[in-house]
Amino acid sequence: MSLIKQFANQLLNWETWLNRRRYFHALRDTLTLLFPLVLIGAFINVFNQAIFQKSGFIAQIYHLNRWFPGFKALTTYTTMLSLTLNGVIAVVAAFTAANFAVRAQRRDNLLAGLTAAVSFCLLNFNYAAFTKQNQPTSSRFLEQNLGSQGIFLALLVGLITGWLFNHLAFKTHTHQLIETRTHLLSRAKENWLPMTVTLLGFSLLSYGISFVSKNGLNGLFYTVFRLPFFNPGSAFLNIVSVTFLSNFFWVIGIIGPIDFSGNSSVSTVQNLEYALQHGSAWGAPNPITLHTIFDSFANVGGPGMTLALVIAILWRSHNADFRTVAKASWLPSLFNFNQPLLVGLPIMFSPILAIPFLMAPLASLLITWSALKLGVMPPVVYPVGRTMPGFLVGWLGSGGDWRALLVSLVNLSVATAIYLPFILLENRVVEGRPTDET
Amino acid sequence: MKRNWWRWALGVLVLIGICWPAYTWSKANIKSLKTAGRTRMAPVIMVPGSSASQNRFDDLITELGKETPQQHSVLKLTVQTSGKIKYSGNIGRNDNQPFIIVAFGNNKDGKANIDQQAVWLNIAFKDLVKTYKFNHFRALGHSNGGLIWTLFLERYLKQSPKVHIDRLMTIAAPFNMESTSTTTKTSMFKELYQYRSGLPNGLTAYSIAGTENYTSDGTVPYNSVNYGKYIFQDEIKHFTEITVTGANTAHSDLPQNKQIVSLIRQYLLDENVPSKIRKQNQQQPRN
């Protein structure tokens, strides 16, 4: 028991120590500042992908596309919202990270932020725009890298820009409530060196990368990070390690090497064909795949079983901040969008929450795998959507088998039990700081 | 306390309001899946030549992807010597013309191996038909892959009676192996010739030859490719031979040769290619 206590204390100390690091602190601040934007983005995703999209869960079960007035127009409208708001979140992140990184040193935070945002865009220039002259539609930026996929790189660019400003700016910045032209121009004079160095550095890097990777630095990142994810097959340990690695990437802001895409893999199609022929999911040829155990059972509320985290927080947490975030994010989490929790709590870059975030899915994998091996329930063979509430996937995907629903609920409770000690540990932090409570 | 009671009741009501329609939807969905099947899909199945892996056509697929408006998903298979199939990649839900590449664990040259590879192709083919339920397909074979296809069409396609081939395109397929002669017949050719009546009557086939000089593409003799006419003529609906010369016509460059890529687009994929390419394709010198 004392060993656990010691470990818990160590963890708390480590977290406090980390939070005192200047750049780490800036990172956490950035994520929290992004929370409202990400939250709105997640709600838009719910509207767009779960409700106003033909394949969305709510749209499917209520047949919305048949009777809801203006369904098509709403699809277009919400898709536009989703693509724009969520599509440039990384640029915003780069701006904010640089902004926070220079504040403590009293440098020009606005100019640093703007420089970082432009630098990040530089890194994501689409060099194919030069070669495809006959196709004017091709975009000038690698748009897919400007959304949540790009957050890791954006934070990195922001912090590097901040570091450069901290070291290269000629004078500290004095904030003026009402700006004068003289002051604005003196800001330019004091910051031309870090601005030039940053822009030059990142532009050269971007051009250099373009000879190696078609999709920019981010594309290069993703190819490297995706390398371990080729076809984990049906070996349990492979699936476990792939899941662990993927969730770890989420914690550090590299979102989505493994996507919820199992519906179209060959093993899934084979399972479906079998089930359609035999009228039952029992005895499907590939009972253990990434899709049948990870997608369907270890992804409740998004990667990391985050619905369990929401439950744990609302149930036992005394941390007012946590409760605010959880209350705002439970609805998107029901439809497996957990980005608000990742940046709001934040789970990203938080050692205390990262541990259960990594462990809870593994426990679910183990339970599901045992249940399948022991023949307690049939595997998930019928198509399920990305926005189907996580705890219903087993039930609906196995053709309405109540035992699968039971396993899902057991998974959810076990995951909650895994999150709970860490929430209680966090409570101690809060109680140690009485100022926060009042 | 009273407020809490209301909350619980509302929660349960919402849960039922979601679970019940979800359950009926999933039952209806399963029923409609049962009756629908996937008959609209017509994959393009590609077989690489000897010593090439399932990644042989990556360059070709990138080339095709550059121009085509339609995105094709790619599924790759490798048939092991034991007959077990390893899959990678997947086919998108609404993709009616996916690319499927079939490669072999033992991809060596030689008649005995090619005979065996045709049998393996049949194993993979049947598995694909069982999984994806298609009844039409198009075939592309590079080098010995063309021979494997021809053998398969002659001898094994009958085993899947519901499935029809629309088009076959072979690129530098050495129907008379490495022989440069116009008279000597190799045992490979003899086998292909012997079973030629098994070829599907409705087939449209294109045989493309690449030539670096007047006699070969550096690996496969032009005369050997030309032997295809003895196998296909009068057995199938259409048989066309096309010769490509110029830049990048060495044997292994052929699948990603720009000219051949546009031929594939026009003749195999039946795409609506721009008139510029159509014209270019028709200006091919025939010899």
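Keep in mind that what you see is a predicted model, and the values were worked out from it rather than measured. (Residues numbered from 1 in each chain as written. Chains lettered and ligands numbered in written order. Predicted model: local features only at pLDDT ≥ 70, side-chain atom pairs only at ≥ 80, totals over all residues. Heavy atoms only, no water.)

Undergrad: Whenever I open this one, the overall build of chain A confuses me. Can you help?
TA: If you tally the helices and strands in chain A, you get 21 helices and 0 strands. In terms of C-alpha radius of gyration, chain A reaches 24 Å, essentially the compact-globule figure of 22 Å for 438 residues. Split into buried and exposed, the 438 residues of chain A put 55% on the buried side. Of all intrachain contacts in chain A linking residues separated by at least 6 positions in sequence, the fraction that spans at least 24 positions is 72%. When the accessible surface of chain A is split by element, carbon and sulfur atoms take 67% of a total near 20000 Å². (Helix = DSSP H or I, 4+ residues; strand = E, 2+ residues; numbered from the N terminus. Rg over C-alpha atoms; globule rule 2.2 N^0.38 Å. Buried < 20%, exposed > 50% of the residue type's maximum accessible area, 1.4 Å probe, protein only. Contact = heavy atoms within 4.5 Å. Areas by Shrake-Rupley, 256 points an atom, 1.4 Å probe, with all protein chains shown as cover.)

Undergrad: Mind showing me how you'd approach the packing of helix α2 (residues 22-51) of chain A against helix α16 (residues 320-334) of chain A here?
TA: For any two helices packed against each other, the geometry is given by the interaxial angle and the distance between the axes. Residue and element names in this part refer to chain A. α16 packs onto α2 with a crossing angle of 25° between their chain directions and a minimal axis gap of 9 Å. Judged on the interaxial angle alone, α16 and α2 are roughly parallel. As α2 packs across α16, the resulting crossing turns out to be left-handed. When α2 is examined against α16, the residues Phe35, Leu39, Ala42, Phe43 and Val46 are found in contact with a partner set consisting of Val325, Ala328, Ser329, Leu331 and Pro332. (Axes fitted to C-alpha atoms, helices over the stretch in contact; angles between N-to-C directions. Parallel < 35°, antiparallel > 145°, perpendicular 65-115°, else oblique. Left-handed = near helix turned anticlockwise from the far one by under 90°.)

Undergrad: Help me out: how do you make sense of the confidence of the model for chain A in this one?
TA: Predicted coordinates in areas of low pLDDT are best not read in detail. Looking at chain A, pLDDT values average 87 and 92% of them are 70 or higher. Every residue in residues 434-438 of chain A scores below 50 in pLDDT, and together they form 2 contacts with partners more than four places removed in sequence or on other chains. (pLDDT = per-residue confidence, 0-100.)

Undergrad: Help me out: how do you make sense of the interface of chain A and chain B in this one?
TA: Many analyses report the size of an interface as the accessible area lost when the parts associate. Tallying the contact residues gives 28 residues for chain A and 27 residues for chain B. Both faces considered, chain A and chain B share a buried interface measuring about 2400 Å² in area, 64% of it formed by carbon and sulfur atoms. Here Lys133 of chain B makes a salt bridge to Glu273 of chain A, at a shortest N to O gap of 2.5 Å. Inspection of the chain A/chain B interface yields 4 residue pairs in polar contact (both at pLDDT 80 or more). Every element with two or more residues in the side of chain A that touches chain B is listed here: α3 (57-61), α13 (266-278) and α19 (390-397) of chain A. (Buried area = accessible area lost by both parts, 1.4 Å probe. Salt bridge = Lys/Arg side-chain N within 4 Å of Asp/Glu carboxyl O. Polar contact = N/O pair within 3.5 Å; in protein donor to acceptor, adjacent residues only side chain to side chain.)

Undergrad: How do you make sense of the pairing of strand β3 (residues 85-89) of chain B when you look at a structure like this?
TA: Remember that side chains alternate between the two faces of the sheet whenever the strand is regular. All names here are of chain B. Where strand β2 (residues 74-79) lies against β3, 5 bridges are found, and the strand directions are antiparallel. Across the sheet, residue Leu75 finds its bridge partner in β3, namely Gly89. Once β2 ends, the chain turns through 5 residues before running back antiparallel as β3, passing Gly83 with a positive phi of about 95°. (Pairing = 2+ DSSP bridges.)

Undergrad: Is there a simple way to explain the packing of helix α12 (residues 236-251) of chain A against helix α18 (residues 351-373) of chain A in this structure?
TA: All names here are of chain A. Their axes nearest at 10 Å, the elements α12 and α18 cross at an angle of 155°. Put simply, α12 runs roughly antiparallel to α18. Like other packed secondary-structure pairs, α12 and α18 cross with a definite hand, here right-handed. Listed contacts from α18 to Phe236, Ile239, Val240, Thr243, Phe244, Asn247, Phe248, Trp250 and Val251 of α12 are Ala354, Phe357, Leu358, Pro361, Leu362, Leu365, Leu366 and Trp369. When its residues are assigned to classes, the contact of α12 with α18 shows 15 nonpolar, 2 polar and no charged. (Nonpolar A, V, L, I, M, F, W, Y, C, P; charged D, E, K, R; others polar.)

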